[in-house]
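Structural description and commentary
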Amino acid sequence: MSEVKILGEFYFSQILSKPILDAQGRRVGRVKDMAMRWDSLAPHVTGIKFAKGVLDMIPIEMVSSMNQREIRLSVAFSPDITVQLQDDETFIGKWLLDKQIIDLEGSKLVRVNDLTLSWITRNHKRLMVLVAVDIGVRGLFRRLGIEFLVRRMKNNFLGWQYIKPLESRTSALQITREKEQLRELHPADIADLLETMGYKERTDLIHTLDSQQAIDALAEMELEAQVEVINQLDENTASDLLEEMPPDEAADILGELSVEKSEELLKLMESEGAEDVRELMKYEEDTAGALMTTEYIGFPLYLTAEEAINKLRELAPEAETIYYLFVVDEEETLEGVLSLRELIIAQPSTQLKDLMHKKVVKIHPLESTEKVADIINKYGLLAVPVVDEVQKMLGIITVDDVLELLIPERGKSDLDSWLVVRKRETKRGQAE
Amino acid sequence: MMWKSRLALFLSVMGPGIVTAFADNDAGGIATYAAAGAKYGYALIFTMIVSTVFLAIAQEISARTGAATGRGLADLIREQYGVRWALFAMAVLMVANLGTTVSEFSGIATAFEIFGVSKYISVPLVAFIIWWLVIKTDYERIEKIFLLLCLTFFSYVISGVMVHPPWKEVMIQSITPNFSGSPDFLLMAIGVIGTTITPWGQFYVQASVVDKGITAKNYRYTRWDVLIGSFFTGFIAFFIIVATAATLYVNHIPIETAKDVAIALKPLAGEYASLLFGFGLLGASVLAAFVLPLSTSYAVCEAFGFEHGISKSSREAPAFFGLYTVIIILGAAFVLWPGLSLYHVMLVTQVINGMLLPPILIFMVLIASKKSIMGEYANTPLFNGVAWLFTAILIGLTVLLLLATLFPGLVSGLFA
């Protein structure tokens with residue numbers, strides 16, 4: 001185990017632009033920035049940039065003492081002692097100070113007002129490490145030289161483990177760690193983050209997320225914001241996302257884009273997914289067809305309950321709902337329906353055709369959305385199947401889809417903003 | 001691309017430039033252009049046209065920066081120049097915008113006085129309604145109503161034609177640089193520039209480009225939006241000057257209150273002139289009174305990293321809503337000062353705007369010329385040249401004004 005001893009903490013702003021004197025007391029320059037390497041345990045400083053426009057740095061090992069007034073070197077300065085910025089190093093001030101970062105703890109965008117650094121010794125080696133970033137008002141006042149005004153205020157630090165800079169300039173190791181931490185965030189929080197970002201940072205963050213997470217986050221946004229994000233992404237990423245989204249949502253988004261753009265994206269999507277979406281886009285707004293999704297669980301008539309349960313294990317993670325299982329023939333004609341409960345309690349060898357209810361409540365794709373809501377409400381359904389004139393199964397409409405329609409999500413124009421707050425609180429609650 | 005789909009794309013991204021342009025001809029704008037026409041006839045048309053050309057350039061730079069970076073101006077200043085410069089820029093913006101908010105409330109007070117309502121009733125009421133609407137409802141929809149009210153300013157265009165101004169003289173004056181070293185003239189010239197190109201207008205156009213999600217890819221349509229908007233600002237300003245010059249200047253009627261400006265609308269509306277003027281003034285003032293406190297709070301919170309956005313609750317974003325409320329209260333309270341000449345408030349705030357514009361322009365141009373931020377959308381050297389020249393002229397004028405006020409003999413002697 002390595003022995004770590006903390007020698008003292010200080011702020012980046014306290015040493016920034018302070019003079020650097022060498023062993024003979026000659027002035028070498030001022031602290032312009034510091035290079036940092038982000039490898040093993042904690043990010044640590046490797047060198048000090050001492051003049052503007054010069055890429056050479058003074059190695060941190062040459063610093064003998066440091067206080068509020070000056071930095072002293074242990075050797076006489078000559079160009080030979082300087083080092084160059086390495087590929088795996090980055091200038092910390094330029095990279096973090098005054099920039100926006102993602103606070104992974106509070107899952108929001110914050111601005112870095114100052115940095116907390118510390119001298120530590122590990123295995124008898126002295127290191128200057130990054131401890132935290134200061135995102136509080138007190139840090140802001142400190143930078144302006146008027147910290148004394150807010151002496152009673154608490155500092156608001158964020159440990160370096162919980163930051164995700166918008167511009168990734170660090171090692172692969174660090175990026176993997178960031179990715180893992182991002183994975184912990186709730187999609188609703190990621191959606192909020194994405195909505196408050198500039199489009200370039202937004203695109204970068206989406207590329208950092210894994211695709212399922214990006215889709216989940218996108219699903220949390222309002223249609224208007226979804227359209228904006230898809231419009232801003234490059235065509236390949238956009239089409240990949242659309243492809244993996246539920247087809248009804250993809251169709252909604254594509255329907256809002258210009259004809260050229262949506263054609264272009266559809267062409268880039270895999271043919272199967274694109275076909276489903278195209279099918280859905282045919283239906284006009286406010287019809288059952290526009291509301292439905294083509295993803296439902298349909299089993300053949302002669303499947304046994306046991307086989308069906310096994311099959312369900314495969315299909316369940318992807319399906320929009322698994323509580324209703326539809327029974328269809330080879331032509332995809334709707335023959336009957338059974339609930340998940342009925343399937344589970346049935347004798348394993350019973351065939352579905354003997355388990356199912358033959359009288360099914362269903363709806364035509366051209367019916368109005370009000371009618372859909374009426375039916376779902378009247379029969380207390382979780383989903384209703386959509387069939388055409390010859391009873392061919394086209395898709396399903398789930399109760400969520402109808403709810404979204406009846407209660408617009410996080411409306412801007414809502415007069416009861418408490419509702420929004422409460423909704424967000426429940427979301428947070430789920431994430432914990 | 002087919003022209004139809006081109007048009008559709010244009011319509012979907014248009015807005016920021018045109019809204020800014022209309023809010024630009026606000027209470028202060030009308031007051032300043034009218035004063036310029038009434039006092040100096042057609043002499044300041046040249047200054048107005050030059051500033052409109054530069055308005056187009058400045059708005060284009062801001063809109064392009066917004067599209068290329070996806071971020072606001074305050075954000076970029078903080079990231080590029082650090083916290084002290086950001087504080088400086090925000091202080092400048094706060095002073096300029098607070099002044100302009102005062103002038104908007106003066107416009108609101110004047111409009112209601114035309115309708116026979118005392119400012120002690122109208123101003124607190126409107127201030128509260130604006131505050132309430134922004135916090136509680138979707139103000140974008142309301143924005144459309146005030147934009148419609150602004151259309152009444154086209155009545156100056158009709159009026160300007162109906163008075164049969166000496167077109168030949170107007171045209172000659174439009175291309176002749178007029179200059180005088182008297183403090184009054186300098187004040188007026190800076191006022192005209194300061195009301196045409198405003199610090200808030202630059203922040204606002206960039207913020208709304210970002211807000212609309214416009215990217216570098218579909219920027220070229222936004223360029224048209226900005227150019228058309230700037231054209232209309234200048235177009236209406238031109239006719240206000242012409243209309244007031246042909247009616248007030250010719251008959252030596254000085255403008256004492258904003259109501260006198262309505263006289264220029266008499267040829268068109270006869271006895272209803274003041275009513276027509278009142279509606280126009282109300283629309284423009286309210287539109288800008290909505291936009292100003294809001295965009296100021298956005299910029300300041302963006303620069304300092306405070307939570308912001310109208311979709312947040314006041315508990316989540318206390319700094320944002322606090323600042324917004326304070327600006328509205330201060331702006332409205334100032335106007336209620338007894339015995340204050342509302343008209344002079346409108347004029348003076350525009351001069352302050354003009355004097356505070358250079359620092360903002362310098363940041364804007366510096367940022368827009370950086371390849372590291374703007375990539376291929378960085379300013380071209382020609383653009384930079386024009387922008388620096390204009391900034392230098394504006395600084396020069398401000399210095400001249402200060403000198404002329406302190407040592408009246410010196411400057412007028414220079415131009416005698």
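Here the residue numbering is sequential within each chain, running from 1 through the sequence in written order. Key to labels: chains lettered from A, ligands numbered from 1, both in the order written. For a predicted model such as this one, the threshold for reporting local features is a pLDDT of at least 70, and the threshold for listing and counting side-chain atom pairs is 80 or more; totals across whole chains, interfaces and linings nevertheless cover every residue.

This paragraph deals with the overall build of chain B. Only DSSP runs of H or I covering at least 4 residues are called helices, and only runs of E covering at least 2 are called strands; the numbering of each starts at the N terminus. Of regular secondary structure, chain B possesses 19 helices and zero strands. In terms of overall size, chain B behaves like a compact globule, its C-alpha atoms giving a radius of gyration of 21 Å where 416 residues would be expected to give roughly 22 Å. Along the three orthogonal principal directions, the C-alpha set of chain B runs to about 55 × 55 × 50 Å. Residue burial in chain B is summarised as follows: out of 416 residues, 56% are buried. Put simply, 85% of the contacts in chain B that link residues at least 6 apart link residues at least 24 apart. Each radius of gyration reported is based on C-alpha atoms, and the globular scaling rule is 2.2 Å times the count of residues to the power 0.38. With C-beta atoms placed from the backbone, a residue is labelled by how many other C-beta atoms lie within 10 Å of its own: buried for 20 or more, exposed for 12 or fewer, partly exposed between the two. Two residues qualify as a contact pair if the distance between their C-beta atoms, derived from the backbone, is within 7 Å.

This part covers the domain arrangement of chain A. Residues and elements named next belong to chain A. The domain architecture assigned to chain A consists of domain 1 (1-176), domain 2 (178-282) and domain 3 (290-425). Annotation comment: domain bounds sourced from an automatic or database domain assignment. A C-alpha centroid distance of 38 Å is found between domain 1 and domain 2. Across the contact, ten residues belong to domain 1 and twelve residues belong to domain 2. Listed by contribution, the elements that provide at least two residues to the side of domain 1 that touches domain 2 are strand S11 (108-111) and helix H4 (172-184). In terms of residues, the side of domain 1 that touches domain 2 owes the most to one element, H4, which gives three residues. Taken together, the residues that form the side of domain 1 that touches domain 2 break down as five nonpolar, three polar and two charged. Three classes are used, and their members are as follows: Ala, Val, Leu, Ile, Met, Phe, Trp, Tyr, Cys and Pro are nonpolar, Asp, Glu, Lys and Arg are charged, and the others, Gly among them, are polar.

All names here are of chain B. Where helices are involved, their axes are fitted lines through C-alpha atoms of the stretch in contact, as for all axes, and angles between N-to-C directions lie from 0 to 180°. Contact pair helix H2 (residues 16-24) / helix H11 (residues 199-211): the axes reach a minimum separation of 9 Å and the direction vectors enclose 155°. Regarding the angle of H2 to H11, the classification is roughly antiparallel. Here the hand of the crossing between H2 and H11 comes out right-handed. Residue-level contacts link Pro-16, Gly-17, Val-19, Thr-20 and Asp-24 of H2 to Gly-201, Tyr-204, Val-205, Ser-208 and Val-209 of H11. Among the residues making up the contact of H2 with H11, the classes are represented as five nonpolar, four polar and one charged. By the definition adopted for this analysis, an angle is roughly parallel if under 35 degrees, roughly antiparallel if over 145, roughly perpendicular if from 65 to 115, and oblique otherwise. Crossing handedness is read from the near helix: turned anticlockwise from the far helix by less than a right angle, it gives a left-handed crossing, and turned clockwise, a right-handed one.

Take the nonpolar core next. Only buried Ala, Val, Leu, Ile, Met, Phe, Trp, Tyr and Cys residues enter a nonpolar core, and they are joined through C-beta atoms within 7 Å. Formed by 144 residues in total, the largest nonpolar core has its most connected members in Ala-34, Leu-44, Ile-108, Ile-240 and Ile-241 of chain B. Looking at this core element by element, the count peaks at 19 residues for helix H14 (residues 273-304) of chain B. For Ile-240 of chain B, the contacting residues outside a window of four places in its chain are Ile-30, Tyr-33, Ala-34, Gly-37 and Tyr-156 of chain B. Residues Ala-191, Met-269, Tyr-283 and Leu-381 of chain A belong to the second largest nonpolar core, which totals 102 residues.

Another point: helix H11 (residues 259-268) of chain A. Residues and elements named next belong to chain A. Taken together, the buried positions of H11 are Ser-262, Leu-265 and Leu-266. Considered in projection along H11, the buried side chains sweep an arc of 100° and stay on one side of the axis. Against helix H9 (235-244), helix H10 (247-256) and helix H12 (271-281) lie the buried residues of H11. Arc, as used here, means the arc of the directions from the helix axis to the C-beta atoms.

With that settled, consider the sheet that holds strand S7 (residues 63-66) of chain A. All names here are of chain A. Overall, mixed pairing links the four strands, which are arranged S3-S2-S8-S7 in an open sheet. A single partner strand is all that each edge strand has here, and the edge strands are strand S3 (27-30) and S7. Adjacent strand axes in the sheet meet at a mean angle of 25° when their direction is disregarded. Between any two strands, pairing holds if DSSP finds at least two bridges.

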